[in-house]
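The residues making up each chain are set out below.
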Amino acid sequence: MKAKNRDQSLSDSRELDGSYDQLTDSVEDDFELSTVCHRPESMDKLQEQTKFTKKELQVLYRGFKNECPCGVVNEENFKTIYSQFFPQGDSSMYAHFLFEAFDTDKNGSISFEDFVFGLSIILRGTINDRLNWAFNLYDLNKDGCITKEEMLDIMRSIYDMMGKYTYPTMQDDAPRDHVESFFQKMDRNKDGVVTIDEFIESCKKDENIMQSMQLFDNVI
């Protein structure tokens, strides 16, 4: 029974990356299994639980497996990978917040399932799904509302990530100014926090935000 489960696990993984080969012998199978910490769920389950096609999942899995051969990524490795996209700045803090948003079960690592579930929402989810995901990213302590301090931490991390040599040059007080503008628009009852309802309502009324979300529709 154990051997059968191992064979099924390997088969599911190879189905995902498109490299399944029934001629692979057992020595190679055992070696590959011994180097992997986590194997993803079956293709059928991932298709049911996300809005990706089989081919799209295979493309995503190849990329994930290339960066994370053991099947999961911890926060430090995630930061290293993410920093490659923003060499001009310091992306470590924003990557930390992003990691927390993807690590939904809070076990200190992101599996392929965690990755595609989050990506499916960001790229293929409804407007409400995407806004709920964004709100969860900004709600750092997960208490159901966004404070100015939380939004300021997010804004500072974004400005750090973009770097000091952007054009036009960003002023030091730009993150705080952005937060004040954010709260003027979204804190409808002026109680000092933004709730999920205030956030979604305000975003839906902002044409720029709605247009930016549509840019993700055909990313993959």
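Nothing here was measured: the structure is a model prediction, and the numbers come from that model. (Residues numbered from 1 in each chain as written. Predicted model: local features only at pLDDT ≥ 70, side-chain atom pairs only at ≥ 80, totals over all residues. Heavy atoms only, no water.)

Undergrad: Lay out the overall build of the protein chain with the relevant residues and their values.
TA: Along the protein chain, the regular secondary structure elements total twelve helices and four strands. Counting all 220 residues of the protein chain, 41% fall into the buried class. Taking as baseline every contact in the protein chain between residues at least 6 positions apart, the subset at least 24 positions apart corresponds to 60%. Of the roughly 13100 Å² that the protein chain leaves accessible, carbon and sulfur atoms contribute 52%. (Helix = DSSP H or I, 4+ residues; strand = E, 2+ residues; numbered from the N terminus. Buried < 20%, exposed > 50% of the residue type's maximum accessible area, 1.4 Å probe, protein only. Contact = heavy atoms within 4.5 Å. Areas by Shrake-Rupley, 256 points an atom, 1.4 Å probe, with all protein chains shown as cover.)

Undergrad: Lay out the nonpolar core with the relevant residues and their values.
TA: When a protein is soluble and globular, its nonpolar side chains tend to lie buried together. Ranked by size, the top nonpolar core spans 48 residues in total, and within it L98, L137, M151 and F199 carry the most contacts. Sort the elements by how many residues they give to this core and helix α6 (residues 92-102) lands first, with seven residues. Two domains each donate at least three residues to this core, and these are domain 1 (54-124) and domain 2 (127-219). F199 has contacts with L131, A134, F135, Y138, I146, F182, M186 and V194, leaving out every residue within four places of it along the chain. (Core = buried A, V, L, I, M, F, W, Y, C linked by side-chain atoms within 4.5 Å. Domains from an automatic or database assignment.)

Undergrad: Report on the UniProt feature "domain: EF-hand" (unreviewed entry) in the protein chain, specifying residues and quantitative values.
TA: Per the UniProt entry, the sites bearing "domain: EF-hand" (unreviewed entry) are residues 90-125, 126-161 and 174-209 in this numbering. When the span residues 90-125 is considered, its composition is 67% helix and 8% strand, and the gap between its end C-alpha atoms is 29 Å. (UniProt positions renumbered as here; feature names shortened; annotations may be inferred.)

Undergrad: If you had to explain the confidence of the model for the protein chain to someone new, which residues and values would you point to?
TA: The pLDDT averaged across the protein chain works out to 82; a share of 76% of its residues lies at or above 70. For residues 20-35, every residue scores under 50 in pLDDT, and the model assigns this stretch 17 contacts once sequence neighbours within four places are set aside. (pLDDT = per-residue confidence, 0-100.)

Undergrad: I'd like to hear about the packing of α6 against helix α8 (residues 127-138), residue by residue, with values.
TA: Two elements in contact, α6 and α8, have axes whose closest approach is 9 Å; the angle formed by their N-to-C orientations is 125 degrees. Put simply, α6 runs oblique to α8. Judged by the twist between their axes, the crossing of α6 over α8 is right-handed. Residues Y94, F97, L98, A101 and F102 of α6 pack against W133, N136 and L137 of α8. Residue classes in the contact of α6 with α8 are distributed as seven nonpolar, one polar and no charged. (Axes fitted to C-alpha atoms, helices over the stretch in contact; angles between N-to-C directions. Parallel < 35°, antiparallel > 145°, perpendicular 65-115°, else oblique. Left-handed = near helix turned anticlockwise from the far one by under 90°. Nonpolar A, V, L, I, M, F, W, Y, C, P; charged D, E, K, R; others polar.)

Undergrad: Please set out α6 residue by residue, giving values where relevant.
TA: Within the span of α6, buried status applies to Y94, A95, F97, L98, F99, A101 and F102. Buried residues in α6 make contact with β1 (72-74), α5 (75-83), β2 (109-111), α7 (112-124), α8 and α9 (148-162).

Undergrad: Would you mind going over the packing of aromatic side chains in detail, with residue names and values included?
TA: When we look at a pair of aromatic rings, we describe it by the centre distance and by the angle of the planes. Inspection of every chain in the model, using the stated rule, returns 14 aromatic pairs. Ring pairing ties together the aromatic residues Y61, F64, F102, F112, F115 and W133, which thus form one cluster. Over the aromatic face of F183 sits the side chain of K148, whose NZ or CZ is 5.7 Å from the ring centroid. (Phe/Tyr/Trp six-rings, centres within 6.5 Å; stacked < 30°, edge-to-face > 60°. Lys NZ or Arg CZ within 6 Å of the ring centre and 35° of its normal.)

Undergrad: Describe the pattern of salt bridges, naming the residues involved and giving the relevant values.
TA: Applying the stated criterion across every chain, the model contains eight salt bridges. In this structure, the salt-bridge partner of D206 is K185, at a minimum N-O distance of 3.6 Å. Of the two residues, D206 is situated in the loop between α11 (196-205) and α12 (207-214) and K185 in helix α10 (residues 174-186); the sequence distance between them amounts to 21 residues. When its relative accessible area of 16% is taken as the criterion, D206 is described as buried. (Salt bridge = Lys/Arg side-chain N within 4 Å of Asp/Glu carboxyl O.)

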